[in-house]
Amino acid sequence: MTIYPQLIVDALRTVRYPGTGKDIVDMGMLNDDIRIDGNRVSFSLTFEKPTDPFIKSVVKAAEAAILAHVGSDVDIKGNIGVKTRQDNPVRKIENPLPGVKNIIAVSSGKGGVGKSTVACNLAVALAMQGYRVGLLDADIFGPSMPKMFGAEQEQLYMHEVDGKNLIIPLEKYGVKMLSIGFLVDKEKAVLWRGAMASNALRQLITEADWGELDYFLIDMPPGTSDIHLTLVQTLAITGAIVVTTPQEVALADARKGISMFMGEHVGVPVLGIVENMSWFTPASHPDEQYFIFGKDGGKLLAEKLDVELLGQVPLVAGICKGSDDGLPVVRMNDVSGVAFKQLATRVIEAVDKRNKTLPPTEVVQTH
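Per chain, the residues get numbers from 1 upward, laid out in the order the sequence is written. It should be noted that, the model being predicted, local features are given only for residues of pLDDT at least 70 and side-chain atom pairs only at 80 or more, the latter also being counted only at that level, while totals for whole chains, interfaces and linings use all residues. Note that the side-chain values use all heavy atoms of the structure and ignore hydrogens as well as water.

Draft legend 1. Molecular detail of the packing of aromatic side chains. In summary, the pairing rule links any two rings of Phe, Tyr or Trp, Trp by its six-membered ring, whose centres are within 6.5 Å, and it sorts them by plane angle into stacked for under 30 degrees, edge-to-face for over 60 and tilted for everything else. Tallied over the entire structure, the rule returns five aromatic pairs. With 6.2 Å between their ring centres and 70 degrees between their planes, Trp-279 and Phe-291 make a pair best called edge-to-face. Of this pair, Trp-279 sits in strand β12 (residues 270-280) while Phe-291 sits in the loop between β12 and α8 (297-305); the two residues are twelve residues apart in sequence, bridging distant segments of the chain. Accessible area is worked out with a 1.4 Å probe on protein chains only. A residue is then buried under 20% of its type maximum, exposed over 50%, and partly exposed in between. For Trp-279, a relative accessible area of 16% corresponds to the buried category. On the basis of relative accessible area, Phe-291 is assigned to the partly exposed category, the value being 32%. Helix and strand assignments follow DSSP, with helices taken as H or I runs no shorter than four residues and strands as E runs no shorter than two, numbered in order from the N terminus.

And the structure:
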């Protein structure tokens, strides 16, 4: 039997689009791309929008019509393409930070696990090793970096770069840092809807003079939110670090954070887990360890999920005092300072390994 295009068209006239009573040919859904190669037939159908709920059922009905009216031996299954009138060419997203080599998200599944403390001290530790480092406080509703850097009273300024007015990040301890905390009243709550918070965050990224950086750290809000989506849709994040305590309740939320980054729609590699508050060490007895929140919870989670354990940071009084006084504890030579220096080394190694073994992260496309 010889197959020719009119046979295909006639067969498709028997397929009705649900709810209209009209066939898909008269509706103009059949495209002028019918291809016949022996028994193999292919063509495409155009729907109004990609969310059309009848796409699958119409395609199946079209396949069945070809088999019933043209021939049961026609190779048609899987050969019907789908197009939509709302299809737009994918717009290539420009890199807003062309001078930045590595972008690292410091995240946590829940609040109160010391994520900001880890981000602050990790940034300073990297700068102490001679790297050019930037730090963005993306916790719009609870910015803490101005206090941790002893910069709550600082004012931000702007200057012109290539005809654009750009914010000059504050530079302290060798780290370029910006936070929404510089732009709002620290005594009042930030009552913004998600879109406002996202727009403010984009401004801190795209309208600031970050310059050339080896590492750009982002102190993420806890949990998963609009802010996380904004960041992965704005920046190609090299990798994520997830901070947790050994507590079971924190570990459960850490799993969700890791799942978010590694999910197919986000696709950000997880560099590893940092277990914070691993044990309590009294300042007067630096060799003693008290496992207040449980033991090795982060380590066991890393093993279970097959990700790196980047470090275990002890809880000492100096960390709290240093954060309150605006003096990152990594600048001190105590047990916690040493832990953060070791963490920085492990992060450098993890980023190098990631860059050698995985392709660059893509910015998540907005749909």
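Draft legend 2. Expanded view of helix α10 (residues 335-357). Given a helix with a known number of residues, its expected span is that number minus one, times 1.5 Å. For α10, with 23 residues, the first-to-last C-alpha span of 33 Å sits near the 33 Å given by 1.5 Å per residue. The complete set of buried residues in α10 reads Ser-336, Gly-337, Ala-339, Phe-340, Leu-343, Ala-344, Val-347, Ile-348, Ala-350, Val-351 and Arg-354.

Draft legend 3. A look at the packing of helix α1 (residues 5-12) against helix α2 (residues 55-69). Across the interface, α1 lies against α2 with an axial gap of 9 Å and an inter-helix angle of 120 degrees. It follows from the interaxial angle that α1 and α2 lie oblique. For the crossing formed where α1 meets α2, the hand is right-handed. Contact residues: Ile-8, Ala-11 and Leu-12 in α1; Ala-62, Ala-65, Ile-66 and His-69 in α2. All amino acids are sorted into three groups, where Ala, Val, Leu, Ile, Met, Phe, Trp, Tyr, Cys and Pro are nonpolar, Asp, Glu, Lys and Arg are charged, and the leftover types, Gly among them, are polar. A breakdown of the residues in the contact of α1 with α2 according to their chemical character gives six nonpolar, one polar and no charged. Fitted lines through C-alpha atoms give the axes, limited to the stretch in contact for helices. The angle between two N-to-C directions lies from 0 to 180 degrees. Here is the rule for angles: anything less than 35 degrees is roughly parallel, anything more than 145 is roughly antiparallel, 65 through 115 is roughly perpendicular, and the remaining ranges are oblique. Each crossing gets its handedness from the near helix: less than a right angle anticlockwise from the far helix is left-handed, clockwise is right-handed. Should any heavy atoms of two residues lie within 4.5 Å, those residues are counted as being in contact.

Draft legend 4. Representation of the pairing of strand β6 (residues 157-161). Within β6, only zero of the five residues are buried, which leaves it mostly out in the open. In this sheet, strand β7 (residues 164-168) lies alongside β6 in antiparallel orientation, the contact comprising five bridges. Each residue of the ladder has a partner; that of His-159, found in β7, is Leu-166. In this analysis, strands are considered paired if DSSP registers two or more bridges between them.

Draft legend 5. Looking closely at the sheet that holds strand β11 (residues 239-244). In space, the eight strands of this open sheet follow the order β8-β9-β5-β10-β4-β11-β12-β13, with mixed pairing throughout. Looking at the sheet topology across the chains shown, the edges are occupied by β8 (170-172) and β13 (309-315). Looking at each pair of strands side by side, their axes are set apart by 25 degrees on average, direction ignored. Taken together, the six bridges between strand β4 (residues 100-108) and strand β10 (residues 213-219) define a ladder with parallel strand orientation. Bridging across to β10, Val-100 finds its partner in Leu-213. Sheet contacts for α8: β11, β12 and β13; angle to β12, the most-contacted strand, approximately 160 degrees.

Draft legend 6. Representation of the side chain of Thr-244 in the model. Positionally, Thr-244 belongs in strand β11. When residues no more than four places from it in sequence are discounted, the contact partners of Thr-244 are Val-113, Ala-250, Leu-251, Ala-254, Ile-273, Val-274, Glu-275, Asn-276 and Gly-298.

Draft legend 7. Quick look at the pairing of strand β9 (residues 175-179). Summarising burial for β9: four of the five residues are buried, a large majority. Sheet topology note: the β8/β9 ladder contains three bridges and is antiparallel. Directly across from Leu-170, in β9, lies its bridge partner Met-177. Between β8 and β9, which pair antiparallel in sequence order, lie two residues; one of them, Tyr-173, sits at a positive phi of approximately 55 degrees.

Draft legend 8. Broad picture of the pattern of salt bridges. The salt bridge definition used is simple: a Lys or Arg side-chain nitrogen within 4 Å of an Asp or Glu carboxyl oxygen. Counted according to the given criterion, the structure contains nine salt bridges. The residue Glu-63 makes a salt bridge to Lys-77 at a minimum N-O spacing of 3.9 Å. Of this pair, Glu-63 sits in helix α2 while Lys-77 sits in the loop between α2 and β3 (80-84); the two residues are 14 residues apart in sequence, bridging distant segments of the chain. Residue classification places Glu-63 among the buried residues on the basis of a relative accessible area of 10%. One salt bridge connects Lys-147 with Glu-152, and the closest N-O pair in it is separated by 3.7 Å. Since its relative accessible area comes to 34%, Glu-152 is described here as partly exposed.

Draft legend 9. Summary view of helix α3 (residues 115-128). For α3, which comprises 14 residues, the first-to-last C-alpha distance of 20 Å matches the rise-based estimate of 20 Å (1.5 Å per residue) to within 8%. For α3, the buried fraction is high: 13 of the 14 residues fall into the buried class. Directly after α3, the chain includes Gly-130, whose backbone phi takes a positive value near 95 degrees.

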